[in-house]
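Understanding the architecture of this molecule
The chain contents come next:
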Amino acid sequence: MALDTLDLSVLAVVAILLAAYFTRGTLWGNSDDGVTVARGSSRDLIEVISANEKKALVLFGSQTGTSEDYSHKFAKEFQSRFSIPTMCGDLADYDYENLNEIFTSVDGFQLIVFLMATYGEGEPPDNAVEFFDYLENECEDLSTVKFSCFGLGNSTYEFYNAMGKRTVSTLTEKGATLIGELGLGDDGRGTMDEDYMAWKDGLFDVLKDKLSLKEHDLVYEPGIKVEESSLTVLSPEVSLGEPDSKYVNPSEDDLKSHKLGPFDHTHPYLAPITASKELFNSETRHCVHAEFDLSDSNLKYSTGDHLAIWPSNSNEEVAKLLDILGLSDKKDIVIKISSLDPTVHPHVSSPSTYESVIRHYLEISGPVSRQFVGSVAQFAPTEEAKALASKLGKDKELFHKEVTAKYLNISDLLHVLSNGAKWTTVPFEFVIESIAHLQPRYYSISSSSMSEKQTVHVTAVVEQERYPNVDKVVTGVATNLLLNIQQAQNKVSDSKLPVTYDLAGPRNKFEKFKLPVHVRRSTFKLPSNPATPIICIGPGTGVAPFRGFIREKVKQVENGSNVGKAVLFFGCRNSNEDFLYKDEWVDYSKKLGDKFELVTAFSRETAKKVYVQDKMLEKASEINQALNDGAFFYVCGDAARMARDVQSVLIKIFVAERKVTEEVATDMVKNLRVLNRYQEDVW
Ligand code: FAD
């Protein structure tokens, strides 16, 4: 009997489904670029949820990856504690027209949880823009939706956790029901982890009550599978930490894309650092100026944008973690990492090696979370280690005293817990899934796209802290990598480097000082009319984008433009130690004449500390006059205190100069922000 077209297509679908069923975990294991077959195959939420038999959904709005990491953590724990199959998804991956039908169409569907970061001046992260657009402009009814929400924000910013709050208000306005309370994670106070834990534990209690969910002990259920392979590090298909699959064993097309891009947060450009130098004059503190050459790519930037640098971990930290996990002898063994769940994306190229995964994909040097300690307890090599880990996981104060205050990272902690005994029983799946993935670091570009079209400059202060009673130098990953490159490039022999790096990179691809980078557009921009005056407040490395602004002004003058005056307030400790680009400003002054004024504040040169805020007050009438004349006001640098203080000082200036109340002055500053004449680039 002949089969008609319909029969054939039905058979084909059945065959695909059967194949998918019997090859679970391999067929939809992550392909080289980390994208699973099911994930991304449809933008229809109900289709994906139903096909994967999920009963709860965690959606993240994430700019730098933190919210994404918390979402995966939450989805895993929720699934494990309540035996509810939970899917974690990127807000940008789906359409939301049928959001209100999920609860009625998917049998037994329980809850949607949003983890929502706030970006910049209270804006949604890039991946959440369309979601909010739909919610606010098209969506009419969400009355069947039950949801919970945790916002990730920073209380030093004016619009603290604006997007978490907006998620709750918009959804409830459309009739959705909020379960539990909105959680507010605060990076500004450094309490994100504890805020998350408190919200999550509170929510679990509410869920047990409101949704009658039964809670189980937390047992690790892997979402991925790690298998050792017979391939070797010489096998061309093995990733040794290349930034993405296009750099491993590249095809002709990939080679073309190495120049053409597009380069973005998933595919960085391997940019040569053509020049670098030390900017500080100090034995113990460093600041690196580095110039990235983009001329062999079609990457473009404009003045005020950010450069994202993709770091890798130091030799010392990689060796420490391999050692305590008992993996030092196996570091070069090739492992295949596949997904057991088509909706889980391991974020790690496969096949790879134990060492490459640890060096290039995992955030191993930073602070460790209390949740990690609690969950690693189940794999402890000794009963004592298990008891101590469980205790630390439960006791916030003890954890703070014994872990946070001692600046322990993951390997330090494992070492302390087990007294040096190796943690050979920790599944590598757990290591990959429980440790946050290594994120690019952002830098305000300190060059001008008008004067340096194809070169991007960054100005990075090196994170090295020496604390009393802590027997290590606490180091930042990316800035110490830049310091290593700067010293190697300039042949500085400095035996005092606290950490060293594999500068040649995977298969020597980073040789001659290359690093993976991408450009992130920013809204921190000069006025479109060069004649508009500007006031820039940039202490420390906050001066970075203003160097770009001033270089642009110099170029504009050379091109015959009429430029407005630029006043730059710069502050540092000491004019001989950390006065960034000290000689360059003299040069710019010569070229710009009375169109440029540098106002300096040195905090450690006089008995009374002097900051840029003090200098602003000294120049109150000039600042007020310039703003009356239409000047733009810019602030860059430390978000924690400086940016807020600067705003308060400007309010004070308005009160004094314009003879208005504090309330009116505050509104004037707000108004400047609305008009985009008060811009911040703070971190
Ligand atoms: P990380 O590895 O990220 O460490 C962060 C901090 O944690 C460090 O202080 C480190 O000492 C500390 N730490 C490490 N281990 C532990 C531990 N176990 N326990 C507790 N603490 C620990 N920076 C600049 O210098 N110049 C710029 O122009 C600039 N522009 C920026 C623009 C934007 C938009 C943003 C968001 C940030 C900007 N930054 C800038 C900051 C920059 O992105 C990095 O955060 C900074 O350089 C530190 O990166 P790192 O990898 O060296 O440190």
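Residues numbered from 1 in each chain as written. Predicted model: local features only at pLDDT ≥ 70, side-chain atom pairs only at ≥ 80, totals over all residues. Heavy atoms only, no water.

An unreviewed UniProt entry lists the protein chain under the name NADPH--cytochrome P450 reductase, from Ogataea philodendri.

1. A closer look at the overall build of the protein chain
This is how the line gets drawn: The secondary structure listing takes helices from DSSP runs of H or I that are at least 4 residues long and strands from runs of E that are at least 2 residues long, numbered from the N terminus. Radius of gyration: over C-alpha atoms. The globule rule applied is 2.2 Å multiplied by the number of residues raised to the 0.38 power. Note on contacts: a residue pair qualifies if any of its non-hydrogen atoms lie within 4.5 Å across the two residues. Computed with a 1.4 Å probe, the accessible areas rest on the Shrake-Rupley method; for each residue, only the protein chains presented here act as cover. Positive charges come from Lys and Arg, negative ones from Asp and Glu, while His and the chain ends are left out of the count. Charged groups are reduced to one reference atom each: NZ for lysine, CZ for arginine, CG for aspartic acid, CD for glutamic acid.
If you tally the helices and strands in the protein chain, you get 22 helices and 22 strands. The globule rule puts the C-alpha radius of gyration for 683 residues at 26 Å, and the 27 Å found for the protein chain is close to it. When the backbone C-alpha atoms are referred to their principal axes, the protein chain occupies close to 90 × 60 × 60 Å. Of the contacts formed within the protein chain by residues at least 6 apart in sequence, a portion of 77% connects residues at least 24 apart. Counting every atom, the protein chain has about 30300 Å² of accessible surface; 51% of that belongs to carbon and sulfur. When the 73 positive and 99 negative side-chain charges of the protein chain are each reduced to one mean point, those points stand 5 Å apart.

2. Examining the site of the ligand
In plain terms, the rule: Being near a molecule or strand, for a residue, means having at least one of its heavy atoms within 4 Å of it. We call two N or O atoms a polar contact when they sit within 3.5 Å, provided that within protein one can donate a hydrogen and the other can accept it, with sequence-adjacent residues counted only if both atoms are side-chain atoms.
As a matter of local geometry, the ligand sits amid 25 residues, with Arg-441, Tyr-442, Tyr-443, Ala-478 and Thr-479 nearest to it. Within the side chain of Arg-441, a nitrogen or oxygen atom sits 2.8 Å from an oxygen atom of the ligand. Relative to its unbound accessible surface of 980 Å², the ligand loses 80% to contact with the protein.

3. Comments concerning the environment of Phe-633
What counts here: Burial here depends on accessible area, computed with a 1.4 Å probe over protein chains only, as a share of the maximum for the residue type. Under 20% is buried, over 50% is exposed, and the range in between is partly exposed.
Considering the arrangement of structural elements, one finds Phe-633 in strand β21 (residues 632-637). Note on Phe-633: relative accessible area 0%, which makes it buried. For the pair Phe-633 and Thr-144, spaced 489 residues apart in the sequence, the C-alpha separation amounts to 46 Å. Not counting residues up to four positions away in its chain, the partners in contact with Phe-633 are Ile-535, Ile-537, Met-616, Leu-627, Val-646, Leu-650, Arg-677, Tyr-678 and Gln-679.

4. What about the sheet that holds strand β13 (residues 441-444)?
So the rule is basically this: A pair of strands is labelled paired if DSSP reports no fewer than 2 bridges between them. Helix axes are fitted only over the stretch in contact, all axes being lines through C-alpha atoms; the angle between N-to-C directions runs from 0 to 180 degrees.
An order of β13-β10-β17-β8-β9-β14 is seen for the 6 strands of this open sheet, with the pairing classed as antiparallel. Of all the strands in the sheet, the pair left with one neighbour each is β13 and β14 (455-461). Neighbour to neighbour, the strand axes of the sheet diverge by 40° on average, direction disregarded. One ladder, built from 5 bridges, connects strand β8 (residues 269-278) with strand β9 (residues 287-293); its direction is antiparallel. Looking at the pairing, Ala-275 lines up with Glu-291 of β9. Of the strands in this sheet, β9, β13 and β14 are in contact with helix α17 (residues 544-558), which crosses β14 at around 145°.

5. Describing the environment of Lys-73
You can see Lys-73 is positioned in helix α3 (residues 66-82). Along the backbone, Lys-73 and Lys-608 are 535 residues apart, and their C-alpha atoms lie at a distance of 48 Å.

6. So, the side chain of Ser-67
Among the structural elements, Ser-67 can be located in helix α3. Relative accessible area serves as the criterion here: at 1%, Ser-67 is assigned to the buried category. If we ignore the near neighbours within four places in the chain, the residues touching Ser-67 are Phe-60, Gly-61, Ser-62, Leu-115, Met-116, Ala-117 and Leu-152.

7. Section: the sheet that holds strand β12 (residues 352-353)
On the basis of which strands lie adjacent, the open sheet formed by 3 strands has the order β7-β11-β12 and antiparallel pairing. Bordering the open sheet on either side are β7 (224-228) and β12, each of which pairs with just one other strand. Note that β7 and strand β11 (residues 334-339) share 5 bridges and pair antiparallel. Counted as the bridge partner of Glu-228 is Ile-335 from β11.

8. Overview of the pattern of salt bridges
Cut-off, in case you're wondering: Definition used for salt bridges: Asp or Glu carboxyl oxygen within 4 Å of a side-chain nitrogen of Lys or Arg.
A full pass over the atoms with the stated rule returns 42 salt bridges. In this structure, Asp-578 and Arg-285 form a salt bridge, with 3.1 Å as the shortest nitrogen-oxygen distance. Here Asp-578, found in the loop between β19 (566-572) and α18 (582-592), pairs with Arg-285, found in the loop between β8 and β9; they are 293 residues apart in sequence, far enough to count as distant. One connected set of salt bridges, linked through shared partners, spans Glu-77, Arg-81, Lys-200, Asp-201, Asp-205, Lys-208 and Glu-215.

9. Some details on the UniProt feature "binding site: NADP(+)" (unreviewed entry) in the protein chain
The cut-off we apply is this: UniProt positions are given in the numbering used here, feature names are shortened, and annotations may be inferred rather than shown by experiment.
Annotation from UniProt places "binding site: NADP(+)" (unreviewed entry) at Arg-285, Thr-541, Ser-603, Arg-604, Lys-609, Val-610, Tyr-611, Val-612, Gln-613 and Asp-645. For this annotated set, covering 361 residues, the C-alpha atoms extend up to 25.4 Å from each other, a dispersed arrangement in space. Once residues within four sequence positions are removed from consideration, Arg-285 is found in contact with Glu-278, Phe-280, Arg-573, Glu-577 and Asp-578. Topologically, Val-610 is positioned in the loop between β20 (596-602) and α19 (612-618). Residue contacts for Val-610: discarding those within four places in its chain leaves Ala-601, Phe-602, Ser-603 and Lys-615.

10. Considerations on the domain arrangement of the protein chain
Many analyses report the size of an interface as the accessible area lost when the parts associate. Under the convention used in this document: Throughout the structure description, domain borders are defined by an automatic or database domain assignment. Here's the idea: put two parts together, see how much 1.4 Å probe accessible area each one loses, and the total over both is what we call buried area.
Per the domain assignment, the segments making up the protein chain are domain 1 (43-210) and domain 2 (534-682). Summarising the inter-unit geometry, the C-alpha centres of domain 1 and domain 2 are found 39 Å apart. Summed over both partners, the interface of domain 1 with domain 2 buries about 600 Å², with 35% contributed by carbon and sulfur atoms. Its largest share of buried area at the contact with domain 2, domain 1 owes to Glu-121, Thr-156 and Glu-158, together 70% of the area lost on that side.

11. Examining the packing of helix α20 (residues 620-628) against helix α21 (residues 642-658)
Applied cut-off: When an angle is under 35 degrees it counts as roughly parallel; over 145 it counts as roughly antiparallel; between 65 and 115 it counts as roughly perpendicular; any other value is oblique. Note on residue categories: nonpolar means Ala, Val, Leu, Ile, Met, Phe, Trp, Tyr, Cys or Pro, charged means Asp, Glu, Lys or Arg, and polar means any other residue, Gly included.
Running from N to C, α20 and α21 point in directions that differ by 90°, and their axes come no closer than 9 Å. Between α20 and α21, the angle is such that the two are roughly perpendicular. Touching Ala-620, Ser-621, Ile-623, Asn-624, Leu-627 and Asn-628 of α20 are Leu-650, Ile-653, Phe-654, Glu-657 and Arg-658, all from α21. Taken together, the residues of the contact of α20 with α21 break down into 6 nonpolar, 3 polar and 2 charged.

12. Quick word on the state of the cysteines
Selection criterion: Two cysteine sulfurs form a disulfide in these notes if their separation is within 2.5 Å.
Under the criterion given, the structure shown has 0 disulfides. The thiol of Cys-287 is unpaired, and the distance to the nearest cysteine sulfur, on Cys-572, comes to 11 Å. Note on Cys-572: relative accessible area 9%, which makes it buried.

13. Some words on the nonpolar core
The following threshold applies: Throughout, nonpolar core names a set of buried Ala, Val, Leu, Ile, Met, Phe, Trp, Tyr and Cys residues whose side chains join them through atoms within 4.5 Å.
Trp-423 and Phe-428 are the most contacted members of the largest nonpolar core, which has 44 residues in total. In this view, Phe-428 contacts Val-226, Leu-327, Ile-335, Tyr-354, Val-357 and Ile-358; residues no more than four positions away in its chain are not counted. Of all hydrophobic cores here, the second largest spans 32 residues; its members include Leu-45, Phe-109, Ile-112 and Phe-114.

14. Quick notes on α18
Stated formally: By arc we mean the arc of the directions from the helix axis to the C-beta atoms, nothing more.
Of the residues making up α18, those classed as buried are Glu-584, Trp-585, Tyr-588 and Leu-592. Angularly, the buried residues of α18 cover 100° about the axis, an arc narrow enough to put them on a single face. In α18, those exposed residues whose orientation departs by more than 90 degrees from the buried face are Asp-583 and Lys-590. The elements touched by buried residues of α18 are β8, α17, β19 and β20.

15. Remarks on the packing of helix α12 (residues 383-394) against helix α13 (residues 396-404)
Across the interface, α12 lies against α13 with an axial gap of 5 Å and an inter-helix angle of 115°. By the criterion of interaxial angle, the relationship of α12 to α13 is roughly perpendicular. Side by side, α12 and α13 meet where Lys-391, Leu-392 and Lys-394 of the first sit next to Lys-396, Leu-398, Phe-399, Glu-402 and Val-403 of the second. In the contact of α12 with α13, the residues fall into 4 nonpolar, no polar and 4 charged.

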